[in-house]
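Here is what each chain is made of, one letter per residue.
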2 protein chains.
Amino acid sequence: MSKGLPKRSEDYSLWYNELVKRADLAENSAVRGCMVIKPYGYSIWEKMQAELDRMFKETGHTNAYFPLFIPKSYLSKEASHVEGFAKECAVVTHYRLKNGENGEGVIVDPDAKLEEELIVRPTSETVIWSTYKNWIQSYRDLPLLVNQWANVVRWEMRTRLFLRTAEFLWQEGHTAHATAKEAEAETLQMMNVYATFAEDFMALPVVRGRKSANERFAGADDTLCIEAMMQDGKALQAGTSHFLGQNFAKAFDVKFAAKDGKLDYVWGTSWGVSTRLMGALIMAHSDDNGLVLPPKLAPIQVVIVPIYRKEEEFDAISEKANEIMAELRKVGISVKYDNRDTHKPGWKFAEYELKGVPLRIAIGPRDLENGTIEIARRDNLTKSQFELSSQPIAEKISGMLEEIQEAIYKKAFDFREEKTTEVNTWEEFKDVLENKGGFISAHWDGTPETEDKIKELTKATIRCIPLARKEEEGTCVLTGKPSEGRVYFAKAY
Amino acid sequence: MSKGLPKRSEDYSLWYNELVKRADLAENSAVRGCMVIKPYGYSIWEKMQAELDRMFKETGHTNAYFPLFIPKSYLSKEASHVEGFAKECAVVTHYRLKNGENGEGVIVDPDAKLEEELIVRPTSETVIWSTYKNWIQSYRDLPLLVNQWANVVRWEMRTRLFLRTAEFLWQEGHTAHATAKEAEAETLQMMNVYATFAEDFMALPVVRGRKSANERFAGADDTLCIEAMMQDGKALQAGTSHFLGQNFAKAFDVKFAAKDGKLDYVWGTSWGVSTRLMGALIMAHSDDNGLVLPPKLAPIQVVIVPIYRKEEEFDAISEKANEIMAELRKVGISVKYDNRDTHKPGWKFAEYELKGVPLRIAIGPRDLENGTIEIARRDNLTKSQFELSSQPIAEKISGMLEEIQEAIYKKAFDFREEKTTEVNTWEEFKDVLENKGGFISAHWDGTPETEDKIKELTKATIRCIPLARKEEEGTCVLTGKPSEGRVYFAKAY
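Conventions and cut-offs
Residues numbered from 1 in each chain as written. Chains lettered and ligands numbered in written order. Predicted model: local features only at pLDDT ≥ 70, side-chain atom pairs only at ≥ 80, totals over all residues. Heavy atoms only, no water. Domains from an automatic or database assignment. Contact = heavy atoms within 4.5 Å. Buried area = accessible area lost by both parts, 1.4 Å probe. Salt bridge = Lys/Arg side-chain N within 4 Å of Asp/Glu carboxyl O. Polar contact = N/O pair within 3.5 Å; in protein donor to acceptor, adjacent residues only side chain to side chain. Helix = DSSP H or I, 4+ residues; strand = E, 2+ residues; numbered from the N terminus. Nonpolar A, V, L, I, M, F, W, Y, C, P; charged D, E, K, R; others polar. Pairing = 2+ DSSP bridges. Axes fitted to C-alpha atoms, helices over the stretch in contact; angles between N-to-C directions. Buried < 20%, exposed > 50% of the residue type's maximum accessible area, 1.4 Å probe, protein only. Expected span 1.5 Å × (residues − 1). Least-squares fit on C-alpha atoms with pLDDT ≥ 70 in both. Parallel < 35°, antiparallel > 145°, perpendicular 65-115°, else oblique. Left-handed = near helix turned anticlockwise from the far one by under 90°.

The next thing to look at is the domain arrangement of chain A. Residues and elements named next belong to chain A. Each assigned domain of chain A is listed with its residue range as follows: domain 1 (46–84 + 125–285), domain 2 (297–407) and domain 3 (420–490). Counting residues at the interface gives 18 residues for domain 1, matched by 17 residues for domain 3. Carbon and sulfur atoms make up 61% of the surface buried where domain 1 meets domain 3, a total of about 1,300 Å² over both sides. Joining domain 1 to domain 3, the criterion identifies 1 salt bridge. With a closest N to O distance of 3.0 Å, glutamate 227 and arginine 463 form a salt bridge. At the junction of domain 1 with domain 3, the criterion picks out 8 residue pairs in polar contact (both at pLDDT 80 or more). If you list the elements that add at least two residues to the side of domain 1 that touches domain 3, you get α6 (180–200), β10 (207–210), β11 (222–229) and β12 (235–245). If you tally residues by element for the side of domain 1 that touches domain 3, the top one is β11, at 5 residues. Considering only residue class, the side of domain 1 that touches domain 3 consists of 8 nonpolar, 5 polar and 5 charged.

What follows is the structure, encoded as structure tokens:
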């Protein structure tokens, strides 16, 4: 199974691609850039969805569904949005096929051309704001707090499973408010929801920050983001939350009557995370043996493997395994008993390591005699004997799952801290970027030109202006001009 | 609110359209045939999804996700499938827009033409079976039991919210088996899952049956279905489950090695239900005041409305309302306290009737004095006083919700029975169809020609050959030729 998984130290990129395929998470489809999310991968995504959806609902949002197709002309209505999104996208031009006449098979019916071409949504601001126009008349209709779970398409030229695919799954929140202040608070709230989700569930520490103007969402006045650090020292943007100002309200003429009867444009936000989070989850924690999953998102949290030679041993072990399963299920732990006789224990051990099951319990005849089981942790590959009479099994396992969740987080946190370097000169900047990687905390003069120049010279971009940065005057690492504070640079996915 | 909702008896079709819009379930979008599912409508769909998903998982299925796009040539690989689906569908021909040169705005970039056009999936058999080819090698890989929740597109010319839309949401199960027998059992099992869901959750009685060859899914050897009866006497197909034989396995060369090493093609099934179920749910139970929802699928099961004149009355009522809410929530009942001071009680009563909230509790100052509340049932519009000391409130409300669930089912069941008529002559057939509607149980000679002729003459189609039909010889209602049993005819959505 895990035999032959490339090593991270030798080829991180190949390691990732192979891991995604071998752990049955996803694979490329016959359609360029579109992936198949396999059942095991999808079951992790479902757990992520469930938690996020709960968090959205707890903050007052409801789900809805808007059309897949967007009239081409809609994209042009918001001036900067069109620059960002009216580019690489799937265009529907016809609505019918027919049988060709010269034995050429099925062809596109030239008579079934659409009057206006449709775009497969790359994001839904335009179609949603065109709808909000009819939903919003008065302050009583606000705030409008809507989310949708959907597929979107961006015709990417270079694709990688989960990280960058032509079609991907995501959620996109679209809210409307009576005041700028409220919309800004919503933007911040949802960025914090994403950060909490990343840290508490994905065990992924993130930097909460603001994008520079260059990296802002096309159509936003402000973009907040969470940035994570992968094991190869590259950054990954894990979620964004946009303050849209009145840009889309103006583009689609969405006005509301305030209490005093005055008409004004509505203030908007949008925010999203996608199946890209799967890529972040995989790359942040996994090792050369396979996936490492945080217990809170693992579809199977505990697997029990019987070790036996004779049939009667198997029966006795199974009885014990069933007892343990019942105890664990009672407290909501997801557990699988792999009693297949088609595979040897060693093969199973490797398989569940590859798949990132957080805890593995092995039970053999001697364990039955001694009243013990062997518990192996996936994250640090340690094994221990556990005496069943010493503590209720559900309590023991719950405790261990919590420990693992914390340990994975701490490991990723320490790694990120170690990979975050303050630099003060351009020489240092280049040296750290080349030899160490990670986040580079450096002064920047605040201009798009300098940002572009640094990107051109080094491929590093400003990942974010950390919200928590201390006030510190300095001079730009490239131009020597004055700077108001440090920002985070990194090469990024 | 509900003022002005058209009456069912006067214009059933208009009543449906208006109800869907006014109850905030869905609306048409700017893109022809594509709907917006509004938050309230979507919250009902979410409840349906959750139950169905649970039932799929309990029968051993897992979810996955397959691409939105299908290469045009895939549709031609299965001979009868292409006849059914390579017709009205959205065709992607280009992958880029660009700015036009003559001030014409954004145009399709003629240089970005796809080598092979892509179809937006109308159903996913082809793309899934092309994937299964790589997933299935041996009997150990079977059965493969996969479902996906997805959007699909069929370019319908005449659309109606939920009932027939160009884009709709659905689930499609696609399974692969080692034997025909197993695949047939799966086909039957999933039809039964749908029937159980319809009856137990939607409170919608259904006829379990088999489609005639004419009405079979394009690419299937056998199609099972559930058929429901709407209040206007028209039938609605609520779900289908297809036995695909080895058709798709042959089309995509999916073979497996049996235990004895022999290679054979895999046997397949597919099965689906869609947002069309929303249409069935609405049309089956609702009345001239608005929606009637079965408690098991109602997003809000109980609403509490305070009746007061003075502020101090409001506070005391709110205290009681909060107590009741806490009790109800403890047992998992979804309850809302509508304490808005912007709307009068009468307005609220009408609103929650329109939205189909199963139970409404009203509390006024006199109720506080007497230790009572008023409980109104949405389904039969009856009201009763309830003495709070007589029974725990959670027990009372739980009991009433169950009663309503049963009463709605029974009403729909009785209606269907009343609207099911056995006929033995062609005159009777036409008379019942024209003057009574509903299911017509009649003998048919078993030929597609007769079926076509009846459809041409009357617009009625064979809805299904009921699985539970008794053996009864007879003569075809149109041709007088021998028949082996009765089938159900009806006009249908």
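Attention now goes to the sheet that holds strand β11 (residues 222–229) of chain B. Residue and element names in this part refer to chain B. One open sheet accounts for 11 strands, arranged β3-β8-β9-β15-β12-β11-β10-β23-β26-β22-β21; its pairing is mixed. One side of each edge strand has no neighbouring strand; the edge strands of this open sheet are β3 (62–63) and β21 (420–422). Here strand β9 (residues 167–177) runs beside strand β15 (residues 267–274); their pairing, made up of 8 bridges, is antiparallel. Following the sheet pairing, histidine 177 is matched in β15 by tryptophan 267. Sitting on the sheet, helix α12 (residues 393–418) touches β10 (207–210), β11, β21 and β22 (439–443), and the angle it makes with β21 is about 25°.

All names here are of chain A. Counting through the fold element by element, valine 487 comes out in strand β26 (residues 486–490). The exposure class of valine 487 is buried, given its relative accessible area of 1%. Expressed as a C-alpha distance, the spacing of valine 487 and alanine 442, which sit 45 residues apart in the sequence, is 5.6 Å. When neighbours within four sequence positions are excluded, valine 487 is seen to be in contact with Ile440, Ser441, Ala442, Trp444, Ile462, Cys464, Ile465, Pro466 and Arg469.

Quick look at helix α2 (residues 39–58) of chain A now. Along its 20 residues, α2 of chain A runs 28 Å from first to last C-alpha, staying within 8% of the 28 Å computed at 1.5 Å per residue. Backbone geometry just after α2 of chain A places glycine 60 of chain A at a positive phi near 90°.

With that out of the way, let us pick up the relation of the copies chain B and chain A. With an RMSD of 0.0 Å, the operation that places chain B on chain A is a rotation of 180° combined with a shift of 0.0 Å along the axis. Those values place the two copies in the arrangement expected of a two-fold rotation axis. It is valine 92 of chain B whose C-alpha, among those of chain B, lies nearest the rotation axis, at 2.1 Å. Counting the interface residues of chain B, we find that 98% of their copies in chain A are interface residues as well, pointing to one common contact surface.

Moving on to the sheet that holds strand β16 (residues 302–306) of chain B. Strands in a sheet are paired, the pairing made by backbone hydrogen bonds, and the direction either parallel or antiparallel. Residue and element names in this part refer to chain B. The strand order β17-β16-β18-β19-β20 describes an open sheet built from 5 strands, whose pairing is mixed. Here the strands that pair on one side only, and so sit at the sheet edges, are β17 (335–337) and β20 (383–387). The sheet shows a mean angle of 25° between the axes of neighbouring strands, taken without regard to direction. Taken together, the 4 bridges between strand β18 (residues 359–363) and strand β19 (residues 372–377) define a ladder with antiparallel strand orientation. Directly across from isoleucine 361, in β19, lies its bridge partner isoleucine 375. Seen against the sheet, helix α10 (residues 345–354) touches β16, β17 and β18 and runs at an angle of roughly 170° to β16. On top of the sheet, α12 reaches β16, β18, β19 and β20; it is set at about 15° to β19, its chief contact.

Residue and element names in this part refer to chain A. Here alanine 492 shows up in the segment after β26. Between the C-alpha atom of alanine 492 and that of glutamate 215, which follows or precedes it by 277 residues, the distance is 12 Å. Setting aside its immediate chain neighbours within four residues, alanine 492 contacts Lys234, Ala235 and Arg463.

Take the pairing of strand β18 (residues 359–363) of chain A next. Residues and elements named next belong to chain A. Counting buried positions along β18 gives 5 out of 5 residues, so the element sits mostly inside the fold. Side-chain alternation along β18 places Leu359, Ile361 and Ile363 on one buried face and Arg360 and Ala362 on a second face that is also buried. Note that strand β16 (residues 302–306) and β18 share 5 bridges and pair parallel. In the sheet register, valine 302 faces β18, and the bridge partner there is leucine 359.

This next bit is on the pattern of salt bridges. All names here are of chain A. Summed over the entire model, instances satisfying the criterion amount to 70 salt bridges over all chains. In this structure, the salt-bridge partner of arginine 96 is aspartate 109, at a minimum N-O distance of 3.0 Å. Separated by 13 residues along the polypeptide, arginine 96 in strand β5 (residues 88–99) and aspartate 109 in the loop between β6 (106–108) and β7 (113–120) bring together distant segments of the chain. Its relative accessible area of 6% is what places aspartate 109 among the buried residues. Close ionic contact of lysine 320 with glutamate 323 constitutes a salt bridge, the shortest N to O distance being 3.3 Å. In this pair, lysine 320 and glutamate 323 both sit in helix α9 (residues 311–330), 3 residues apart, roughly one turn of the helix.

Residue and element names in this part refer to chain A. Between helix α13 (residues 426–435) and helix α14 (residues 448–458), the shortest axis-to-axis distance is 12 Å and the interhelical angle comes to 50°. Between α13 and α14, the interaxial angle falls into the category oblique. The interaxial crossing formed by α13 with α14 has right-handed handedness. The residues of α14 that touch α13, namely those facing Trp426, Phe429 and Leu433, are Ile454, Leu457 and Thr458.

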